[in-house]
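One-letter residues, chain by chain:
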Amino acid sequence: MRITVSYQAGGGATIFVREALSNASMGELRRTIDRVRREGHVPTVNLAELTLADRVSLQYLAAIRKDGIALQECPSYVDVWINRTLDAPQQSAGHATHP
């Protein structure tokens, strides 16, 4: 995974994620988002060049979208998965509810 940041006038910052995003590389994305926020910028994540993402990474992307970070140019398979995750009913303590 490669990450670059482009700062815009007005306080925005676009974080470009290139290539594959995995559980092993997510720490770098988290640190970059945290750094951008500490610097006083509003982060946006651009996924136009994302080629692969594992389940943990997709869950993280869903969580940051839910927290208000915009995902730009999100590949359709990622967007579909995130929307399903966000629309799914939450289960208490990881246990399924039985009828």
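In this text, all values refer to a predicted model and were calculated from it rather than measured experimentally.

Draft legend 1. Seen up close, the packing of aromatic side chains. Applying the stated criterion across every chain yields a total of zero aromatic pairs. When the ring centre of Tyr60 is taken as origin, the NZ or CZ atom of Arg30, which lies over that ring, is 4.7 Å away.

Draft legend 2. Local environment of the nonpolar core. By size, the foremost hydrophobic cluster in this structure holds 23 residues, and its most contacted members are Leu29, Ile33, Val45, Leu47, Leu61, Ile64 and Val78. Counting only elements with at least two residues in this core, the list comes to strand S2 (12-21), helix H1 (26-38), strand S3 (42-53), helix H2 (55-66) and helix H3 (76-87). Take this core: its biggest share by element is five residues, from H2.

Draft legend 3. Highlighting the environment of Ser25. Turning to its location among the elements, Ser25 is positioned in the loop between S2 and H1. For the pair Ser25 and Arg2, spaced 23 residues apart in the sequence, the C-alpha separation amounts to 9.3 Å. Discounting chain neighbours no more than four positions away, the residues touching Ser25 are Met1 and Ala20.

Draft legend 4. Region of the structure containing the packing of H1 against H2. At a minimum axis distance of 11 Å, the contact between H1 and H2 shows a crossing angle of 15°. Viewed along their axes, H1 and H2 adopt a mutual orientation that is roughly parallel. For the crossing formed where H1 meets H2, the hand is right-handed. Across the interface between the two elements, Met26, Leu29, Arg30 and Ile33 of H1 pack against Val56, Ser57, Tyr60, Leu61 and Ile64 of H2. By residue class, the composition of the contact of H1 with H2 is seven nonpolar, one polar and one charged.

Draft legend 5. Structural view of the sheet that holds strand S4 (residues 70-72). Spatial ordering of the open sheet is given by S1-S2-S3-S4, a layout of four strands whose pairing is mixed. Bordering the open sheet on either side are strand S1 (2-7) and S4, each of which pairs with just one other strand. If you compare each strand with its neighbour and ignore which way they point, the axes differ by 25° on average. As paired elements, S3 and S4 share three bridges and run parallel to each other. Paired with Asn46 across the strands is Gln72, a residue of S4. Contacting S3 and S4, H3 crosses the sheet at an angle of about 115° to S3.

Draft legend 6. View of the environment of Arg2. Relative to the elements of secondary structure, Arg2 occurs in strand S1. Taking relative accessible area as the criterion, Arg2 reaches 44% and is therefore assigned partly exposed. Sequence separation of Arg2 and Leu50 is 48 residues, and the distance between their C-alpha atoms is 9.6 Å. Beyond its immediate chain neighbours, meaning those up to four positions away, Arg2 contacts Phe16, Val17, Arg18 and Glu19. At 3.1 Å, the side chain of Arg2 forms a polar contact with the side chain of Glu19.

The rules behind each value
Residues numbered from 1 in each chain as written. Predicted model: local features only at pLDDT ≥ 70, side-chain atom pairs only at ≥ 80, totals over all residues. Heavy atoms only, no water. Phe/Tyr/Trp six-rings, centres within 6.5 Å; stacked < 30°, edge-to-face > 60°. Lys NZ or Arg CZ within 6 Å of the ring centre and 35° of its normal. Core = buried A, V, L, I, M, F, W, Y, C linked by side-chain atoms within 4.5 Å. Buried < 20%, exposed > 50% of the residue type's maximum accessible area, 1.4 Å probe, protein only. Helix = DSSP H or I, 4+ residues; strand = E, 2+ residues; numbered from the N terminus. Contact = heavy atoms within 4.5 Å. Axes fitted to C-alpha atoms, helices over the stretch in contact; angles between N-to-C directions. Parallel < 35°, antiparallel > 145°, perpendicular 65-115°, else oblique. Left-handed = near helix turned anticlockwise from the far one by under 90°. Nonpolar A, V, L, I, M, F, W, Y, C, P; charged D, E, K, R; others polar. Pairing = 2+ DSSP bridges. Polar contact = N/O pair within 3.5 Å; in protein donor to acceptor, adjacent residues only side chain to side chain.

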